[in-house]
Amino acid sequence: MKRLTVPSIRARKGGEPLVMLTAYTVRTAQLLDPHCDMLLVGDSLGQVVYGLPSTVPVTLEMMAAHGAAVVRGSYHAVVVVDMPFGSYEASPEKAFESAAYLLKQTGAAAVKLEGGQAMAPTVKFLSERGIPVMGHVGLTPQAVNTLGGYGARGRSKAEADKIVADAGAVAEAGAFAIVIEGVVEPIAIAITHAVACPTIGIGASAQCDGQVLVAEDMLGLFDRTARFVKKFDDLAGRISAAVETYAADVRSRAFPGAEQIYAPKD
Ligand code: KIV
Ligand code: NA
(Lines give C-alpha, C1' and ligand atoms only; values in the text may rest on other atoms or scores of the structure.)
(Ligands and ions follow the chains in the order given, each with its own letter.)
Protein backbone atom coordinates (compact mmCIF):
# COMPACT_ATOMS: atom_id res chain seq x y z
CA MET A 1 0.00 0.00 0.00
CA LYS A 2 1.29 3.44 -0.95
CA ARG A 3 1.53 6.06 1.79
CA LEU A 4 -1.31 8.60 1.83
CA THR A 5 -0.37 12.17 0.93
CA VAL A 6 -1.17 15.56 2.43
CA PRO A 7 -3.25 16.62 -0.63
CA SER A 8 -5.27 13.40 -0.36
CA ILE A 9 -6.00 14.22 3.29
CA ARG A 10 -7.02 17.77 2.41
CA ALA A 11 -9.34 16.43 -0.28
CA ARG A 12 -11.27 14.44 2.34
CA LYS A 13 -13.12 17.59 3.54
CA GLY A 14 -16.77 16.68 4.12
CA GLY A 15 -16.17 13.04 3.19
CA GLU A 16 -15.56 9.89 5.20
CA PRO A 17 -14.21 11.00 8.60
CA LEU A 18 -10.42 11.07 8.94
CA VAL A 19 -8.96 8.71 11.54
CA MET A 20 -5.96 10.01 13.51
CA LEU A 21 -4.16 8.81 16.64
CA THR A 22 -0.93 9.77 18.32
CA ALA A 23 2.11 7.50 18.12
CA TYR A 24 5.50 8.03 19.75
CA THR A 25 7.27 4.71 19.21
CA VAL A 26 7.94 2.28 16.38
CA ARG A 27 5.81 -0.59 17.72
CA THR A 28 2.82 1.61 18.43
CA ALA A 29 3.15 3.09 14.95
CA GLN A 30 3.20 -0.40 13.40
CA LEU A 31 0.04 -1.38 15.27
CA LEU A 32 -1.95 1.81 14.58
CA ASP A 33 -0.81 2.52 11.01
CA PRO A 34 -3.09 0.09 9.12
CA HIS A 35 -6.18 1.65 10.72
CA CYS A 36 -5.28 5.34 10.59
CA ASP A 37 -5.18 8.03 7.90
CA MET A 38 -2.77 10.10 9.97
CA LEU A 39 -0.40 9.45 12.86
CA LEU A 40 0.43 12.41 15.09
CA VAL A 41 3.75 12.51 16.87
CA GLY A 42 2.23 14.74 19.54
CA ASP A 43 4.17 16.80 22.03
CA SER A 44 1.82 15.13 24.53
CA LEU A 45 4.74 12.67 24.66
CA GLY A 46 6.12 15.12 27.26
CA GLN A 47 3.57 13.91 29.78
CA VAL A 48 2.83 10.45 28.39
CA VAL A 49 6.40 9.22 27.74
CA TYR A 50 8.58 11.50 29.89
CA GLY A 51 6.39 12.32 32.91
CA LEU A 52 6.79 16.07 32.41
CA PRO A 53 4.18 18.38 33.98
CA SER A 54 3.14 19.93 30.62
CA THR A 55 4.20 20.07 26.96
CA VAL A 56 6.16 23.29 27.56
CA PRO A 57 9.56 21.59 28.28
CA VAL A 58 9.42 19.34 25.17
CA THR A 59 12.36 19.91 22.78
CA LEU A 60 12.90 19.71 19.01
CA GLU A 61 15.37 16.84 19.60
CA MET A 62 12.71 14.81 21.44
CA MET A 63 10.21 15.39 18.62
CA ALA A 64 12.82 14.47 15.99
CA ALA A 65 13.78 11.19 17.70
CA HIS A 66 10.20 10.03 18.21
CA GLY A 67 9.12 11.29 14.78
CA ALA A 68 11.82 9.23 13.09
CA ALA A 69 10.73 6.11 15.00
CA VAL A 70 7.10 6.59 13.96
CA VAL A 71 8.02 7.07 10.30
CA ARG A 72 10.11 3.87 10.46
CA GLY A 73 7.13 2.03 11.96
CA SER A 74 4.54 3.14 9.40
CA TYR A 75 4.00 2.85 5.66
CA HIS A 76 0.41 3.96 5.12
CA ALA A 77 -0.57 6.93 7.28
CA VAL A 78 0.56 10.54 6.84
CA VAL A 79 2.88 11.29 9.76
CA VAL A 80 2.49 14.74 11.33
CA VAL A 81 5.03 15.96 13.91
CA ASP A 82 4.16 18.57 16.54
CA MET A 83 6.38 21.63 16.68
CA PRO A 84 7.34 22.00 20.35
CA PHE A 85 6.87 25.17 22.39
CA GLY A 86 9.61 27.72 21.68
CA SER A 87 10.57 26.34 18.28
CA TYR A 88 8.27 28.43 16.07
CA GLU A 89 6.53 31.36 17.79
CA ALA A 90 9.27 34.01 17.47
CA SER A 91 9.14 34.39 13.67
CA PRO A 92 8.19 32.62 10.44
CA GLU A 93 11.91 32.20 9.68
CA LYS A 94 12.59 30.53 13.02
CA ALA A 95 9.56 28.29 12.44
CA PHE A 96 10.81 27.32 8.99
CA GLU A 97 14.21 26.33 10.37
CA SER A 98 12.63 24.22 13.10
CA ALA A 99 10.09 22.61 10.78
CA ALA A 100 12.70 21.86 8.11
CA TYR A 101 14.88 20.24 10.79
CA LEU A 102 11.95 18.05 11.87
CA LEU A 103 11.11 16.95 8.33
CA LYS A 104 14.77 16.24 7.51
CA GLN A 105 15.37 14.27 10.72
CA THR A 106 12.15 12.26 10.60
CA GLY A 107 10.93 11.85 7.03
CA ALA A 108 7.49 13.00 8.19
CA ALA A 109 5.27 14.85 5.68
CA ALA A 110 3.93 17.68 7.81
CA VAL A 111 4.14 19.61 11.06
CA LYS A 112 1.47 20.84 13.46
CA LEU A 113 1.64 24.09 15.40
CA GLU A 114 -0.67 25.70 17.94
CA GLY A 115 -2.23 29.13 17.59
CA GLY A 116 -4.60 31.28 15.58
CA GLN A 117 -4.40 34.75 14.08
CA ALA A 118 -0.93 35.41 15.51
CA MET A 119 0.44 32.28 13.82
CA ALA A 120 -1.33 32.74 10.46
CA PRO A 121 1.68 34.47 8.79
CA THR A 122 3.86 31.56 9.92
CA VAL A 123 1.42 28.98 8.54
CA LYS A 124 1.49 30.84 5.21
CA PHE A 125 5.30 31.16 5.22
CA LEU A 126 5.81 27.44 5.75
CA SER A 127 3.01 26.27 3.44
CA GLU A 128 4.38 28.39 0.56
CA ARG A 129 7.86 26.91 1.09
CA GLY A 130 7.11 23.21 0.93
CA ILE A 131 6.12 22.45 4.51
CA PRO A 132 2.49 21.41 4.99
CA VAL A 133 1.07 22.74 8.26
CA MET A 134 -1.74 21.41 10.41
CA GLY A 135 -3.27 24.05 12.67
CA HIS A 136 -4.45 23.59 16.26
CA VAL A 137 -6.99 25.94 17.89
CA GLY A 138 -9.23 26.09 20.94
CA LEU A 139 -7.56 24.46 23.94
CA THR A 140 -3.89 24.83 23.03
CA PRO A 141 -1.91 23.00 25.75
CA GLN A 142 1.37 24.85 25.08
CA ALA A 143 -0.44 28.01 26.27
CA VAL A 144 -1.32 26.44 29.64
CA ASN A 145 0.53 29.21 31.46
CA THR A 146 -1.60 31.93 29.84
CA LEU A 147 -4.84 29.91 29.75
CA GLY A 148 -4.40 28.86 33.39
CA GLY A 149 -5.47 25.24 32.87
CA TYR A 150 -6.93 22.67 30.51
CA GLY A 151 -10.64 23.53 30.80
CA ALA A 152 -12.91 23.65 27.74
CA ARG A 153 -12.69 26.86 25.72
CA GLY A 154 -15.29 29.06 24.09
CA ARG A 155 -17.94 29.20 26.82
CA SER A 156 -18.24 33.00 26.51
CA LYS A 157 -19.31 34.73 23.30
CA ALA A 158 -16.06 36.71 23.09
CA GLU A 159 -13.91 33.60 23.49
CA ALA A 160 -16.06 31.66 21.00
CA ASP A 161 -15.72 34.43 18.40
CA LYS A 162 -11.94 34.50 18.90
CA ILE A 163 -11.59 30.74 18.36
CA VAL A 164 -13.69 30.86 15.19
CA ALA A 165 -11.58 33.78 13.92
CA ASP A 166 -8.38 31.90 14.83
CA ALA A 167 -9.44 28.84 12.84
CA GLY A 168 -10.49 30.99 9.90
CA ALA A 169 -7.12 32.78 9.85
CA VAL A 170 -5.13 29.54 9.98
CA ALA A 171 -7.28 27.98 7.24
CA GLU A 172 -6.97 31.10 5.09
CA ALA A 173 -3.19 31.00 5.58
CA GLY A 174 -3.06 27.57 3.96
CA ALA A 175 -3.27 24.96 6.73
CA PHE A 176 -4.15 21.58 5.19
CA ALA A 177 -6.19 20.60 8.24
CA ILE A 178 -6.96 22.03 11.69
CA VAL A 179 -7.19 20.29 15.06
CA ILE A 180 -10.00 21.73 17.19
CA GLU A 181 -9.40 20.78 20.82
CA GLY A 182 -11.53 21.17 23.92
CA VAL A 183 -14.23 23.59 22.76
CA VAL A 184 -17.99 23.71 23.27
CA GLU A 185 -19.58 21.79 20.41
CA PRO A 186 -21.29 24.65 18.47
CA ILE A 187 -17.87 26.26 17.88
CA ALA A 188 -16.47 23.06 16.38
CA ILE A 189 -19.49 22.74 14.10
CA ALA A 190 -19.34 26.40 13.05
CA ILE A 191 -15.63 26.14 12.21
CA THR A 192 -16.14 22.87 10.32
CA HIS A 193 -18.77 24.57 8.14
CA ALA A 194 -16.71 27.74 7.71
CA VAL A 195 -13.28 26.48 6.66
CA ALA A 196 -12.27 24.80 3.40
CA CYS A 197 -9.87 22.31 5.00
CA PRO A 198 -10.75 19.29 7.16
CA THR A 199 -11.22 19.81 10.90
CA ILE A 200 -9.95 17.16 13.29
CA GLY A 201 -11.80 17.12 16.59
CA ILE A 202 -10.64 16.17 20.08
CA GLY A 203 -13.17 17.12 22.71
CA ALA A 204 -15.03 18.93 19.93
CA SER A 205 -17.79 17.28 17.84
CA ALA A 206 -18.61 14.15 15.84
CA GLN A 207 -19.41 16.60 13.03
CA CYS A 208 -15.74 17.45 12.57
CA ASP A 209 -14.14 16.01 9.42
CA GLY A 210 -12.08 13.63 11.56
CA GLN A 211 -11.09 12.72 15.11
CA VAL A 212 -7.82 12.40 17.00
CA LEU A 213 -7.03 10.97 20.45
CA VAL A 214 -3.87 10.20 22.35
CA ALA A 215 -3.47 6.44 21.77
CA GLU A 216 -2.45 5.78 25.38
CA ASP A 217 -5.64 7.53 26.55
CA MET A 218 -8.07 5.57 24.35
CA LEU A 219 -6.28 2.32 25.16
CA GLY A 220 -6.64 2.91 28.91
CA LEU A 221 -2.89 3.00 29.39
CA PHE A 222 -2.46 6.54 30.72
CA ASP A 223 -3.87 7.70 34.05
CA ARG A 224 -5.32 11.00 32.86
CA THR A 225 -9.10 11.08 32.38
CA ALA A 226 -10.33 14.06 30.38
CA ARG A 227 -14.05 14.09 29.62
CA PHE A 228 -13.35 13.75 25.90
CA VAL A 229 -11.40 10.50 26.24
CA LYS A 230 -13.33 7.32 25.55
CA LYS A 231 -11.47 4.27 26.82
CA PHE A 232 -11.73 1.60 24.14
CA ASP A 233 -9.73 -0.86 26.30
CA ASP A 234 -8.06 -1.15 29.70
CA LEU A 235 -4.45 -1.94 28.82
CA ALA A 236 -3.23 -0.70 32.21
CA GLY A 237 -5.41 -3.32 33.89
CA ARG A 238 -4.22 -6.03 31.49
CA ILE A 239 -0.56 -5.12 32.01
CA SER A 240 -0.99 -5.15 35.79
CA ALA A 241 -2.61 -8.59 35.66
CA ALA A 242 0.13 -10.01 33.38
CA VAL A 243 2.91 -8.62 35.57
CA GLU A 244 1.23 -9.94 38.71
CA THR A 245 1.16 -13.42 37.15
CA TYR A 246 4.82 -13.12 36.08
CA ALA A 247 5.87 -12.09 39.59
CA ALA A 248 3.98 -15.02 41.13
CA ASP A 249 5.48 -17.47 38.59
CA VAL A 250 9.02 -16.25 39.32
CA ARG A 251 8.49 -16.53 43.06
CA SER A 252 7.03 -20.05 42.77
CA ARG A 253 9.68 -21.11 40.19
CA ALA A 254 6.87 -21.94 37.71
CA PHE A 255 8.77 -19.66 35.26
CA PRO A 256 10.86 -20.44 33.31
CA GLY A 257 9.19 -23.72 32.31
CA ALA A 258 10.43 -26.50 30.06
CA GLU A 259 9.61 -24.55 26.83
CA GLN A 260 11.69 -21.56 27.86
CA ILE A 261 14.97 -23.29 28.77
CA TYR A 262 17.78 -24.64 26.61
CA ALA A 263 18.50 -28.32 27.07
CA PRO A 264 21.95 -29.72 26.18
CA LYS A 265 22.19 -31.86 22.97
CA ASP A 266 23.04 -35.16 24.68
O1 KIV B 1 0.10 16.41 21.37
C2 KIV B 1 -0.98 15.86 21.09
O3 KIV B 1 -1.23 14.69 21.41
C4 KIV B 1 -1.97 16.66 20.35
C5 KIV B 1 -3.31 16.06 20.07
C6 KIV B 1 -4.04 15.65 21.30
C7 KIV B 1 -4.14 16.89 19.18
O8 KIV B 1 -1.67 17.75 19.98
NA1 NA C 1 0.24 18.59 20.78
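Bear in mind that the values here come from a model prediction, so they are computed numbers and not experimental data.

1. Comments concerning the overall build of the protein
Stage number 1. For the protein, the count of helices and strands is 11 helices and eight strands.
Stage number 2. A globule of 266 residues ought to have a C-alpha radius of gyration of about 18 Å, and the protein, at 20 Å, matches this closely.
Stage number 3. Over its C-alpha atoms, taken along the principal directions, the protein stretches across nearly 75 × 40 × 35 Å.
Stage number 4. By residue count, 44% of the 266 residues in the protein fall in the buried class.

2. Let's talk about the site of ligand 1
Stage number 1. Close contacts around ligand 1 come from Thr22, Leu40, Gly42, Asp43, Ser44, Asp82, Val179, Glu181, Ile202, Val212 and Val214, and that covers them all.
Stage number 2. Taken together, the residues that form the shell around ligand 1 break down as five nonpolar, three polar and three charged.

3. Examining unusual backbone geometry
Stage number 1. With omega at -5°, the peptide bond leading from phenylalanine 255 into proline 256 counts as cis.
Stage number 2. In this structure, proline 256 sits in the segment after helix H11 (235-251).
Stage number 3. Of note in this structure, arginine 253 is not a glycine but carries a positive phi near 60°.
Stage number 4. Relative to the assigned elements, arginine 253 resides in the segment after H11.

4. Let's talk about helix H5 (residues 92-106)
Stage number 1. Taking 1.5 Å of rise per residue, 15 residues should cover 21 Å, and H5 covers 21 Å from first to last C-alpha, within 8% of that figure.
Stage number 2. Among the residues of H5, Ala95, Ser98, Ala99, Leu102 and Thr106 are the ones counted as buried. Projection of H5 onto a plane perpendicular to its axis shows the buried side chains occupying an angular sector of 95°, all on one side. In H5, the exposed residues that point more than 90 degrees away from the buried face are Glu93 and Lys104.
Stage number 3. Where H5 is buried, its residues touch helix H4 (60-72), strand S3 (78-82), strand S4 (110-112) and helix H6 (120-127).

5. Focus: the packing of helix H8 (residues 157-172) against helix H9 (residues 185-194)
Stage number 1. The contact between H8 and H9 brings their axes to 10 Å, and the two run at 30°. Relative to H9, H8 is oriented roughly parallel. You can see that H8 and H9 cross each other, and the crossing is right-handed. Here Ala160, Ile163, Val164, Ala167 and Gly168 of H8 lie close against H9, whose contacting residues are Ile187, Ala190, Ile191 and Ala194.

6. Things to note about the sheet that holds S4
Stage number 1. In spatial order, the strands read S1-S2-S3-S4-S5-S6-S7-S8; together these eight strands close into a barrel with parallel pairing. The mean inter-strand angle of the sheet, taken between neighbouring strand axes irrespective of direction, is 25°.
Stage number 2. In this structure, strand S1 (residues 18-22) lies alongside strand S8 (residues 210-213), joined through four bridges in parallel fashion. Following the sheet pairing, methionine 20 is matched in S8 by valine 212.
Stage number 3. The strands that H8 touches are strand S5 (133-138) and strand S6 (177-181); relative to S5, the one it contacts most, it runs at about 175°.

7. Observations regarding the confidence of the model for the protein
Stage number 1. For the protein, the mean per-residue pLDDT works out to 97, and 100% of the residues sit at or above 70.
Stage number 2. Of the two predicted TM-score estimates for the complex, the pTM is 0.97 and the ipTM is 0.99.

8. Examining H9
Stage number 1. Taken residue by residue, H9 has Ile187, Ala188, Ile191 and Thr192 as its buried positions. Buried residues along H9 cover an arc of 130° about the axis, so they all sit on one side. Within H9, the exposed residues directed more than 90 degrees away from the buried face are Pro186 and His193.
Stage number 2. For H9, the secondary structure elements touched by its buried residues are H8, S6 and strand S7 (199-202).

What counts, and at which threshold
- Residues numbered from 1 in each chain as written.
- Chains lettered and ligands numbered in written order.
- Predicted model: local features only at pLDDT ≥ 70, side-chain atom pairs only at ≥ 80, totals over all residues.
- Helix = DSSP H or I, 4+ residues; strand = E, 2+ residues; numbered from the N terminus.
- Rg over C-alpha atoms; globule rule 2.2 N^0.38 Å.
- Buried ≥ 20, exposed ≤ 12 C-beta atoms within 10 Å, placed from the backbone.
- Near = placed C-beta within 6 Å.
- Nonpolar A, V, L, I, M, F, W, Y, C, P; charged D, E, K, R; others polar.
- Expected span 1.5 Å × (residues − 1).
- Arc of directions from axis to C-beta.
- Contact = placed C-beta atoms within 7 Å.
- Axes fitted to C-alpha atoms, helices over the stretch in contact; angles between N-to-C directions.
- Parallel < 35°, antiparallel > 145°, perpendicular 65-115°, else oblique.
- Left-handed = near helix turned anticlockwise from the far one by under 90°.
- Pairing = 2+ DSSP bridges.
- pLDDT = per-residue confidence, 0-100.

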